Amino acid sequence: MEMKQSVYQILLSVVFILFWLYSAGFKLYDFGAFKQEMHRQVFPAELSNLLSFTVPASEIIIAALLVNAVTRGIGMILSFLLMLAFTTYTGLALLGVYSTTPCNCIGLLGEKASWGDNFMLNLVITLIATAGLILTFKDWKGGKRV
Amino acid sequence: MNIIKKLPLMAFVLGLGLMISMSSFKEEVKEPAKYDQNASYAFEYNGPDFNQASVELASNWVYVANTDLCNGAKVKPCRIQVSEDYVNNPSTSPALKSIINISAELNTLHGTYYVKGLDDPTGLISNKPN
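Residues numbered from 1 in each chain as written. Chains lettered and ligands numbered in written order. Predicted model: local features only at pLDDT ≥ 70, side-chain atom pairs only at ≥ 80, totals over all residues.

Asker: How would you summarise the overall build of chain B if you had to cite specific residues and measurements?
Answerer: From N to C terminus, chain B includes 3 helices and 8 strands. Counting from the amino terminus, chain B carries its helices and strands in the arrangement α-α-β-α-β-β-β-β-β-β-β. Of all intrachain contacts in chain B linking residues separated by at least 6 positions in sequence, the fraction that spans at least 24 positions is 59%. (Helix = DSSP H or I, 4+ residues; strand = E, 2+ residues; numbered from the N terminus. Contact = placed C-beta atoms within 7 Å.)

Written out as C-alpha cells, the structure reads:
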C-alpha cells in the first residue's frame, strides 16, 4: 500500500515537473510578449514587472524541488499554493471582481480561450495538486521519503 | 522501483531540454506567424493634456510606422497597437476609428490618466513614466 502511494507521488511529481517547465518555457519563449501581457493585468506597473520575472522563476524552482525526494514535499506544497493563486485570480476575473477586465491572454490556453476555460484548466490542475498534497502529508505522517 | 525513482530527474532533464529547444525555434516559427496572421497598427498619444476625456478620444492618437511599444509604467499614455478592424484607411493614411473604446484610469500619484483597456481583444497597450 505504501509502495503504491510512493509510486503515485513520484508520478504526480513527474506530471508537475513537466507542467511547470512547460509553463515557464511558454512564458520565456516570447518574454517580451509575456511582459506586455502582465502589464494588461490588474496589478500596478511595478508589481507587473516583478511578477514577469518571479512567476517563471518560481515555476522552474518548484520543478527542481520536485526532483529530489528530500525537497519533493515542499515542491508539492508550493505547486498547490501557486495553482491555488492562479485559480483564485482567474476565478475573480470570471466573477468580474476587478474594476477592469484584465486581458485573458496570460494563460497557457492563449487569447482565444475565455476566463472560464482558463479557470476550469486551473481548477483541474489544482485538484491534481491537492492529491499530491494529501500524499505528501500522509508521507510525512509516516516519516517516510521516497 | 529504481527506474520509477529516477523518473522525476528524467522528466526535469526532458523539460529543460524542451524549454531550450522551444527558445531556439522562436525566431523561425513564432515571429512570422504573429505578423502574417494579424497586422497591427501603432498609434501614439498626441493629446493636449492627460485628462480622461483626452486620453479616451480616438482623434488624439496619431499613427506611427514604428510598432515599438513603451516601457509600460502606468503614468501617462504612450502607444497602443490595434488590429486593422479598428483602423481607417489602413493602406494609405491610417487613423484610429472612433468606434474604438479606449478606457483610461487615473494615476493618483501624478494626477494623470493612462490607458487601462482597449476593446480590441488583440490590441496592446503601453504607457510611460512621468
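After that view, the rundown keeps rolling.
Asker: Tell me about the packing of helix 4 (residues 72-94) of chain A against helix 5 (residues 115-141) of chain A, and name the residues and values.
Answerer: All names here are of chain A. In the contact formed by helix 4 and helix 5, the axes pass within 8 Å of each other and the chain directions differ by 155°. Taken together, the axis directions place helix 4 and helix 5 in an arrangement best described as roughly antiparallel. At the point where helix 4 passes helix 5, the crossing takes the left-handed sense. Per-class residue counts for the contact of helix 4 with helix 5 are 15 nonpolar, 12 polar and 1 charged. (Axes fitted to C-alpha atoms, helices over the stretch in contact; angles between N-to-C directions. Parallel < 35°, antiparallel > 145°, perpendicular 65-115°, else oblique. Left-handed = near helix turned anticlockwise from the far one by under 90°. Nonpolar A, V, L, I, M, F, W, Y, C, P; charged D, E, K, R; others polar.)

Asker: Can you explain the interface of chain B and chain A? Please cite residues and give values.
Answerer: For an interface, size is often stated in terms of accessible area lost upon the parts coming together. Listed per partner, the contact involves 26 residues of chain B and 25 residues of chain A. At the level of secondary structure, the elements contributing two or more residues to the side of chain B that touches chain A comprise helix 1 (2-24), helix 2 (26-37), strand 7 (112-118) and strand 8 (124-128) of chain B. The element contributing the most residues to the side of chain B that touches chain A is helix 1 of chain B, with 13 residues. Tallied by class, the residues present in the side of chain B that touches chain A amount to 15 nonpolar, 6 polar and 5 charged.

Asker: Just give me the short version of the UniProt feature "transmembrane region" (unreviewed entry) in chain A, but keep the residues and values in it.
Answerer: Residues and elements named next belong to chain A. What UniProt calls "transmembrane region" (unreviewed entry) maps, in this numbering, to residues 7-29, 49-70, 77-99 and 119-137. Taken end to end, residues 7-29 is 100% helix and 0% strand, and its two terminal C-alpha atoms sit 32 Å from one another. Split by type, residues 119-137 is 100% helix and 0% strand. Its first and last C-alpha atoms lie 26 Å apart. (UniProt positions renumbered as here; feature names shortened; annotations may be inferred.)

Asker: Got a sec to walk through the environment of F53 of chain A? Specific residues and values, please.
Answerer: Residues and elements named next belong to chain A. Tracing the sequence through the fold places F53 in helix 3 (residues 45-67). Taking the number of C-beta atoms within 10 Å as the measure of exposure, F53 has 13 and is therefore partly exposed. A C-alpha to C-alpha distance of 8.7 Å links F53 and K35, two positions 18 residues apart in sequence. (Buried ≥ 20, exposed ≤ 12 C-beta atoms within 10 Å, placed from the backbone.)

Asker: Can you lay out the packing of helix 3 of chain A against helix 4 of chain A for me, pointing to particular residues and giving the numbers?
Answerer: Residues and elements named next belong to chain A. Taken N-terminus to C-terminus, the directions of helix 3 and helix 4 make an angle of 145°; their axes are 7 Å apart at the nearest point. Judged by the twist between their axes, the crossing of helix 3 over helix 4 is left-handed. Facing S58, I62, L65 and L66 of helix 3, the residues of helix 4 in contact are R72, I74, G75, M76, L78, S79 and L82.

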